[in-house]
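An overview of the molecular structure
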Amino acid sequence: MDSALDHNGAKPTVDDYMTRDVATVSPDDTVRDVATRISESEHNGFPVTEGRRVEGFVSARDLLLSDPDELVFKVMSDELIVAHPEMKVTDAARVILRSGIQKLPVVDDAGNLVGIISNSDVIRSQIERATPEKVGKLKRTLETIHGIEAREERRTVQLDELVPTQGKVYADELEGRQYELEHGLAEPLVVIDNGGVELLLADGHHRVMAAERAGIDEMDAYVIVLERRVDLGMARTADKEGLESISDIHVVDYAHHPLVETIERLQ
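Residues numbered from 1 in each chain as written. Predicted model: local features only at pLDDT ≥ 70, side-chain atom pairs only at ≥ 80, totals over all residues. Heavy atoms only, no water.

With that settled, consider the sheet that holds strand 5 (residues 150–158). Read across the sheet, five strands follow the order 5-10-8-9-6 without closing on themselves; strand pairing throughout is mixed. This sheet does not close on itself; its edge strands, each paired only once, are strand 5 and strand 6 (162–164). Sheet twist, expressed as the mean angle between neighbouring strand axes with direction ignored, is 40 degrees. As paired elements, strand 5 and strand 10 (residues 218–226) share nine bridges and run antiparallel to each other. In the strand pairing of strand 10, Arg 154 is matched with Tyr 222. Contacts from helix 8 (residues 205–213) reach strand 6, strand 8 (189–194), strand 9 (198–203) and strand 10 within the one sheet, and its direction differs from that of strand 9 by about 110 degrees. Sitting on the sheet, helix 9 (residues 233–240) touches strand 6, strand 8 and strand 9, and the angle it makes with strand 9 is about 100 degrees. (Pairing = 2+ DSSP bridges. Helix = DSSP H or I, 4+ residues; strand = E, 2+ residues; numbered from the N terminus. Axes fitted to C-alpha atoms, helices over the stretch in contact; angles between N-to-C directions. Contact = heavy atoms within 4.5 Å.)

Spelled out as structure tokens, the structure:
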């Protein structure tokens, strides 16, 4: 399966990943009004709309040297780069990367604002496309090796119910997973429901540890459900190492993640 395709075989579009509830400002708002809204939110700028029609975009940078009583339409950028809902996410990514713009307003054929897509949305689209293929491959492997029926589910799992299958994570990699978690970019876990007897964490040990540090007790997961319990090698490994819960995972802070070591050797 092509990793650039979604589960229906079609290439993901902006419409699949854009935010539909968009905060906007009016051309007649003052610089002071918009600066206040930016300071009280996580936004660094807003589309400027008249009704539903996009007239421009105003960023924190546009406001820096402007008179507080100046109207937004006088300081906004009206040379807009926008996306269309049917644009491929990969094309939107190219526009975002080449322009240096963090967010693109999404407009329909009539020029009306229907959403906004950010660089974070683009990253999320890449993460979510990669994981289902990984899950599908694991599912097929389990079915072939053990001669068992399996199905895939997407559900929320409680972290305290997971049995880890590796006993250590790396501190440097853990920092990256914490950043992704804080910015909503963490991909789902991959879990095996072994006949309803145990939930084995197949992929996502760093993500789980990052979540635990953040006080999160549940996460989104792709779950491979086996029709009956199977004697899995990863379960034997967990038992041999005494791994019963995520609290048994050790954080290694005296060595780099193997990938980091490889990259450093290549440099």
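Once you've had a look at it, read on.
Any aromatic ring pair is given by two values, namely how distant the centres are and how the planes are angled relative to each other. Within this structure, the stated rule accounts for zero aromatic pairs. The ring of Phe 46 carries Arg 37 above its face, with NZ or CZ at 4.6 Å from the centroid. When the ring centre of Tyr 222 is taken as origin, the NZ or CZ atom of Arg 154, which lies over that ring, is 4.4 Å away. (Phe/Tyr/Trp six-rings, centres within 6.5 Å; stacked < 30°, edge-to-face > 60°. Lys NZ or Arg CZ within 6 Å of the ring centre and 35° of its normal.)

This part covers the environment of Ser 125. In this structure, Ser 125 sits in helix 6 (residues 119–146). Take Ser 125: its relative accessible area is 0%, and that puts it in the buried class. When the C-alpha atoms of Ser 125 and Thr 13 are compared, they prove to be 9.4 Å apart, with 112 residues separating the residues in sequence. Ser 125 has contacts with Tyr 17 and Val 89, leaving out every residue within four places of it along the chain. (Buried < 20%, exposed > 50% of the residue type's maximum accessible area, 1.4 Å probe, protein only.)

Ranked by internal contacts, the top residues of the largest apolar core, which has 19 residues, are Leu 159, Leu 162, Leu 189, Val 191 and Val 208. For this core, the secondary structure elements donating two or more residues are strand 8, strand 9, helix 8 and strand 10. What Leu 162 contacts, discounting residues up to four positions off in sequence, is Val 157, Leu 189, Val 191, Leu 199, Leu 201, Val 208, Glu 244, Ser 245 and Ile 246. Core analysis: the next-biggest nonpolar cluster, separate from the first, contains 16 residues, Leu 142, Val 163, Leu 232 and Ala 238 among them. (Core = buried A, V, L, I, M, F, W, Y, C linked by side-chain atoms within 4.5 Å.)

The subject of this paragraph is the packing of helix 7 (residues 171–182) against helix 8. In the contact formed by helix 7 and helix 8, the axes pass within 8 Å of each other and the chain directions differ by 65 degrees. Helix 7 and helix 8 meet at a crossing whose hand is right-handed. Contacts between helix 7 and helix 8 involve Glu 173, Leu 174, Arg 177, Gln 178 and Leu 181 from the former and His 206, Arg 207, Met 209, Ala 210, Ala 211 and Arg 213 from the latter. For the contact of helix 7 with helix 8, the per-class residue count stands at five nonpolar, two polar and four charged. (Left-handed = near helix turned anticlockwise from the far one by under 90°. Nonpolar A, V, L, I, M, F, W, Y, C, P; charged D, E, K, R; others polar.)

So, about the pattern of salt bridges. Under the counting rule described, the total for this entry stands at 16 salt bridges. Residues Arg 32 and Asp 69 are paired through a salt bridge, measuring 2.6 Å at the closest nitrogen-oxygen approach. One end of the pair, Arg 32, is in helix 2 (residues 31–39); the other, Asp 69, is in the loop between helix 3 (60–63) and helix 4 (72–75), and 37 residues separate them in sequence. A salt bridge links Arg 236 to Asp 231, with the nearest nitrogen and oxygen atoms 3.1 Å apart. The partly exposed category is assigned to Asp 231, whose relative accessible area is 48%. (Salt bridge = Lys/Arg side-chain N within 4 Å of Asp/Glu carboxyl O.)

Attention now moves to the side chain of Ser 118. Structurally, the position occupied by Ser 118 is in strand 4 (residues 113–118). Overall, the relative accessible area of 11% leaves Ser 118 in the buried class. Sequence-distant contacts of Ser 118, defined by excluding residues within four places in its chain, comprise Ile 96, Gln 102 and Lys 103.

Of all five residues in strand 3 (residues 103–107), four are buried; the element is thus mostly enclosed. The sheet contact formed by strand 3 and strand 4 spans five bridges and is antiparallel. In the sheet register, Val 106 faces strand 4, and the bridge partner there is Gly 115. Where strand 3 folds back on strand 4, the antiparallel hairpin that results is connected by five residues, among which Gly 111 adopts a positive phi of roughly 85 degrees.

Counting buried residues in strand 2 (residues 53–59) gives five out of seven residues, a clear majority hidden from the surface. Linking two consecutive strands that pair antiparallel, namely strand 1 (residues 45–50) and strand 2, is a turn of two residues; a positive phi of about 70 degrees is found at Gly 51 within it.

With respect to the helices, strands and loops of the structure, Ser 66 is situated in the loop between helix 3 and helix 4. In this structure the side chain of Ser 66 is engaged in a polar contact, spanning 2.9 Å, whose partner is the backbone oxygen of Asp 62. Apart from residues lying up to four places away in sequence, Ser 66 is in contact with Val 31 and Val 75. (Polar contact = N/O pair within 3.5 Å; in protein donor to acceptor, adjacent residues only side chain to side chain.)

Coordinates in, geometry out; function isn't part of it.
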